[in-house]
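# Architecture at a glance
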Amino acid sequence: QDPYASLNPRMRVRSIVGEGIEIHKLARGKEKEDRIAELLAMVGMSADAMDRLPHEFSGGQRQRIGIARALAVNPRFLVLDEPVSALDVSIQAQIINLLQDLQEKLKLTYLFIAHDLRVVEHISNRVAIMYLGKIVEIATRDEIYLNPRHPYTRALLSAIPTIDTAHRPERIKLPGEMPSPMNPPSGCAFHPRCPYAKDVCTNVEPKLETGRGGHAVSCHVFPAP
Ligand code: SF4
């Protein structure tokens, strides 16, 4: 999430990227050095970076080092938790493009966690929307963005900034604050803020039910298509 906190300031890049290789006994000596240089090249950095410390790099470069570290153990699946939210928009685009290139090249699967729905739309094949720690809707990217069902999903999508004034959806403003996940409301946890709530919503928690094309929704009023 935060490239300024995720790298040990006392470790050189060689050790940061090489640590996983050592722990998993994937390479030693010259072979390990070559692998570290290869990983840095994969994320667009030169081998000179190996002898430097994290404070010598920008946020985007640090994020590249973090990605190289993640790739060091030859993963097939990566959990990317807000990987670009701390970066400037222009740098965000570079990192997203890098992640997409690596995904294609290394045949990776990503679980990409983000609050920025424009970034999610750009990178995802399938999208899950969560409210108070539970998935309330999950579908293909196009289904979520073109045919959202759950009222919370609709409210989130209506809040995406756009310069396309002709097609800007009407902003859905939700009343109240997000409740504490420690003490969630009864029934549907979204009911105190939902403009469509009915009596059943306050008492019965809706199940996540799957409909056409694997589009799943948990809502009494707007079920899966
Ligand atoms: S179950 Fe009821 S309160 Fe919950 S999202 Fe659907 S309509 Fe709104």
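The structure under discussion appears in the preceding block.
Residues numbered from 1 in each chain as written. Predicted model: local features only at pLDDT ≥ 70, side-chain atom pairs only at ≥ 80, totals over all residues. Heavy atoms only, no water.

Turning our eyes to something else, we now look at empty space enclosed by the protein. Counted by the stated rule, this structure contains 1 cavity of 30 Å³ or more. Roughly 80 Å³ of internal volume is contained in the largest cavity. Here the lining of the largest cavity is built from residues that sort into 10 nonpolar, 3 polar and no charged. (1 Å grid on protein atoms, 1.4 Å probe; cavity = no way out; pocket = protein on both sides within 12 Å on 5 of 7 lines; lining within 4 Å. Points joined across faces, edges and corners; volume = space filled by probe spheres on them. Nonpolar A, V, L, I, M, F, W, Y, C, P; charged D, E, K, R; others polar.)

A one-sided burial pattern is seen for strand 3 (residues 126-131), the buried positions being Val127, Ile129 and Tyr131 and the unburied ones Arg126, Ala128 and Met130. Both strand 3 and strand 4 (residues 134-140) contribute to a ladder of 6 bridges, which runs antiparallel. By the bridge assignment for strand 4, Tyr131 is matched with Lys134. The antiparallel hairpin formed by strand 3 and strand 4 contains 2 residues in its connecting segment, where Leu132 sits at a positive phi of about 50°. (Buried < 20%, exposed > 50% of the residue type's maximum accessible area, 1.4 Å probe, protein only. Helix = DSSP H or I, 4+ residues; strand = E, 2+ residues; numbered from the N terminus. Pairing = 2+ DSSP bridges.)

This next bit is on the pairing of strand 1 (residues 77-81). With burial as the criterion, only one face of strand 1 is covered, namely that bearing Leu78 and Leu80; the residues Phe77, Val79 and Asp81 on the opposite face remain uncovered. Each parallel crossover has a hand, and for strand 1 linked through helix 4 (residues 89-106) to strand 2 (residues 109-113) it is right-handed. (Right-handed = clockwise from strand over helix to strand, strands pointing away.)

With that out of the way, let us pick up the environment of Met50. In this fold, Met50 is placed in the loop between helix 2 (29-42) and helix 3 (59-71). Along the primary structure Met50 and Pro225 are separated by 175 residues, whereas in three dimensions their C-alpha atoms are 52 Å apart. If sequence neighbours within four positions are ignored, Met50 has contacts with Arg12, Val13, Arg14, Glu33, Ile36, Ala37 and Leu40. (Contact = heavy atoms within 4.5 Å.)

Before going further, it helps to examine the layout of surface pockets. The space that makes up the largest pocket amounts to roughly 860 Å³. Lining the largest pocket are 30 residues, and of these Phe112, Ile113, Ala114, Ala128 and Met130 sit closest to its centre. Listing elements by their share of the lining of the largest pocket, those giving two or more residues are strand 2, helix 5 (117-123), strand 3, strand 4 and helix 7 (151-158). Here the element with the most residues in the lining of the largest pocket is strand 3; it accounts for 6 residues. By residue class, the composition of the lining of the largest pocket is 21 nonpolar, 6 polar and 3 charged.

Evaluation of the coordinates by the stated rule reveals 9 salt bridges. Ionic pairing is found between Asp51 and Arg14, a salt bridge with its closest N-O pair at 2.3 Å. Here Asp51 is found in the loop between helix 2 and helix 3, whereas its partner Arg14 is found in helix 1 (residues 13-23), with 37 residues between them in sequence. Where Arg35 meets Glu38, a salt bridge forms, and the shortest distance between an N and an O atom there is 2.9 Å. With Arg35 and Glu38 both in helix 2, this residue pair falls 3 residues apart, about one helical turn. Residue classification places Glu38 among the partly exposed positions, given a relative accessible area of 42%. The network of salt bridges with common partners includes Arg14, Glu33 and Asp51. (Salt bridge = Lys/Arg side-chain N within 4 Å of Asp/Glu carboxyl O.)

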